[in-house]
Amino acid sequence: MQNRNHQTKEEKLRSFMEKLKKLKQRDNQNVSSDCLVVHSNDAIWLDSSITGNPSEIGVLVDIPTKTMEFYLQRIPARSSTDLQRHVHESIHYVIEGEGYSEIGDQIVKWSTGDFVYTPPWIWHRHYNSGDTDVRMLLIENSRLLDALDANRRESLGMISFKEYFKNN
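This one's a predicted model, so the numbers in the text were calculated from it and none came from an experiment.

Asker: Sorry, what's going on with the pattern of salt bridges here?
Answerer: Close approach of charged atoms allows side chains of opposite charge to pair. Following the criterion strictly, the structure yields seven salt bridges and no others. Arg-143 is paired through a salt bridge with Glu-69; the nearest N and O atoms lie 2.9 Å apart. Of this pair, Arg-143 sits in helix H3 (residues 142–147) while Glu-69 sits in strand S3 (residues 69–75), and the two are 74 residues apart along the sequence. For Glu-69, a relative accessible area of 9% gives the class buried. Between Glu-154 and Arg-152 there is a salt bridge, and its shortest N-O distance comes to 2.9 Å. Judged by its relative accessible area of 47%, Arg-152 falls in the partly exposed class. One salt-bridge network, held together by shared partners, links Arg-85, Arg-152 and Glu-154.

Asker: Sorry if this is basic, but what is going on with the packing of aromatic side chains here?
Answerer: Two numbers describe a pair of aromatic rings. These are the distance of the centres and the angle of the planes. All chains considered together, the criterion is met by four aromatic pairs. Look at Tyr-93 and Phe-115: their rings are 4.8 Å apart centre to centre, the planes differ by 45°, and that puts the pair in the tilted class. Pair noted here: Tyr-93 is in strand S5 (residues 90–96) and Phe-115 is in strand S8 (residues 115–118), with a separation of 22 residues, a long-range link. Accessibility expressed as a relative area gives 28% for Tyr-93, which makes it partly exposed. According to the relative accessible area criterion, Phe-115 is exposed, its value standing at 59%. Residues Tyr-100 and Tyr-127 carry aromatic rings whose centres are separated by 4.5 Å and whose planes lie at 5° to one another, so their mutual orientation is stacked. Of the two residues, Tyr-100 is situated in strand S6 (residues 98–103) and Tyr-127 in strand S9 (residues 124–128); the sequence distance between them amounts to 27 residues. A relative accessible area of 12% means that Tyr-127 is categorised as buried. Among the aromatic residues, those joined into a cluster by ring pairs are Phe-161, Tyr-164 and Phe-165.

What counts as what
- Residues numbered from 1 in each chain as written.
- Predicted model: local features only at pLDDT ≥ 70, side-chain atom pairs only at ≥ 80, totals over all residues.
- Heavy atoms only, no water.
- Salt bridge = Lys/Arg side-chain N within 4 Å of Asp/Glu carboxyl O.
- Helix = DSSP H or I, 4+ residues; strand = E, 2+ residues; numbered from the N terminus.
- Buried < 20%, exposed > 50% of the residue type's maximum accessible area, 1.4 Å probe, protein only.
- Phe/Tyr/Trp six-rings, centres within 6.5 Å; stacked < 30°, edge-to-face > 60°.

Right, here's the structure in full:
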């Protein structure tokens, strides 16, 4: 019978044993990442043509985490994000600005220095109520769910929670 991945049983066992050995030697302090410090200027910015709303997302692809994702977000004055939901948890840290969020059936106000938590699979939308840009740091556990092939994200566009759910 032909082996589908062209590895013999011995090679598969050797690979398994190498992984097992690594698990037992977790005290190795050799760091293999060159990206222990990533500057915010290294963010790759996605504009409204990609985000589908007036906000911009700065993707920090060089951060070597396996379970968490970090983004920068800018919401222009007097605008908002889209109404969306995702299966990962997220936390927005407000670096600068003020506004409010619709998170499910709740409306919460926030300003500089606040943390805004969004639970998994809850429709939410963030609004900038001020006259200057809102700047946020977004932290989410989406990489963990990506690794498990369990991540999902949906958008309803530029409609409010109240508008969408008044008829549903």
